[in-house]
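Here are the chains, one letter per residue:
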Amino acid sequence: MQGKEPELLPEDLDAFPADYVALGHLHAHQQVAARAWYPGPPVQQHHGEEKIDCSYIIADVAAGADPVIHRRYTPTAPLVSVRPKWDAKAGWDLSDMPEDLTGLVVRAPVTLSRESRQVADLAALEAELRRRGAASVKLDPRTVPTARVRCEAMRDATDIRA
């Protein structure tokens, strides 16, 4: 079975000879069979999971009896992604972002041209996100490749005086 995951239906899990079945990987707390649960994540794993309640399970198990499940919520700083835009004349455009980022773990993917990458003040952007209350900030600057093409006359010139 290496490299493959078995697929089990709820009735397969109910027929499994166990008093409690702990499942993993899905990022949402749910009961999928009489004695089988996905606990959900104890912390947010990815940006975009803002709506997931983080938790873990304590299962009281007795032989031959249905388990008693206690869900415990974990206090976590929510993950959010913001998309600041750089304008060479005006600087950072943060108009699409919330003013209050209190307690949030902020990821900011920033796409810049090669020229803008040299002048865009990433430290100022991070400082502004922290001023708005971000618990932590991860800037993710990416450089957009630019293709340069000379005009036809310049490309074909044999003399710079022409």
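Reading guide: rules and limits
Residues numbered from 1 in each chain as written. Predicted model: local features only at pLDDT ≥ 70, side-chain atom pairs only at ≥ 80, totals over all residues. Heavy atoms only, no water. Salt bridge = Lys/Arg side-chain N within 4 Å of Asp/Glu carboxyl O. Helix = DSSP H or I, 4+ residues; strand = E, 2+ residues; numbered from the N terminus. Buried < 20%, exposed > 50% of the residue type's maximum accessible area, 1.4 Å probe, protein only. Polar contact = N/O pair within 3.5 Å; in protein donor to acceptor, adjacent residues only side chain to side chain. Contact = heavy atoms within 4.5 Å. Pairing = 2+ DSSP bridges. Axes fitted to C-alpha atoms, helices over the stretch in contact; angles between N-to-C directions. Core = buried A, V, L, I, M, F, W, Y, C linked by side-chain atoms within 4.5 Å.

Moving on, we get to the pattern of salt bridges. Opposite charge on two side chains permits pairing when their charged atoms draw close. Here the structure, examined in full by the defined rule, presents 8 salt bridges. Residues Glu99 and Arg131 are paired through a salt bridge, measuring 2.8 Å at the closest nitrogen-oxygen approach. In this pair, Glu99 is assigned in the loop between strand S8 (91-93) and strand S9 (105-113) and Arg131 in helix H3 (residues 122-131), connecting sequence segments 32 residues apart. Residue Glu99 is classed as partly exposed on the basis of its relative accessible area, which comes to 48%. Judged by its relative accessible area of 54%, Arg131 is exposed. A salt bridge links Glu128 to Arg132, with the nearest nitrogen and oxygen atoms 2.8 Å apart.

A few words on the side chain of Arg132. Within the fold, Arg132 resides in the loop between H3 and strand S10 (136-144). Under the relative-accessibility criterion, Arg132 is labelled buried at 10%. Side-chain polar atoms of Arg132 contact the backbone oxygen of Pro98, separated by 3.1 Å. A distance of 2.8 Å separates the side chain of Arg132 from the side chain of Glu128, its partner in a polar contact. Not counting chain neighbours up to four residues away, the residues in contact with Arg132 comprise Leu94, Met97, Pro98, Glu99, Asp100, Leu101 and Thr102.

Okay, the sheet that holds strand S6 (residues 79-81) next. What the 3 strands build is an open sheet, ordered S6-S9-S10; its pairing is parallel. Each edge of the open sheet is held by one strand with a lone partner, namely S6 and S10. Ignoring strand direction, the axes of neighbouring strands in this sheet form an average angle of 20 degrees. Pairing between S6 and S9: 3 bridges, direction parallel. When the bridges of S9 are listed, Leu79 appears paired with Val105. Of the strands in this sheet, S9 and S10 are in contact with H3, which crosses S10 at around 145 degrees.

By size, the foremost hydrophobic cluster in this structure holds 17 residues, and its most contacted members are Val82, Trp92, Leu101, Val106, Leu125, Leu129 and Leu139. At the level of elements, S9, H3 and S10 are the ones that each hand at least two residues to this core. Other than its neighbours up to four places away in sequence, Leu125 contacts Pro84, Trp92, Leu94, Val110 and Leu139. Counting residues in each nonpolar core, the second largest holds 5 residues, with Leu13, Ala18, Val21 and Ala33 among its members.

To continue, consider the pairing of strand S2 (residues 30-33). Pairing between S2 and strand S3 (residues 36-38): 3 bridges, direction antiparallel. Looking across to S3, one finds that Ala33 is bridged to Ala36. Counting the residues between successive antiparallel strands, the hairpin from S2 to S3 contains 2 residues.

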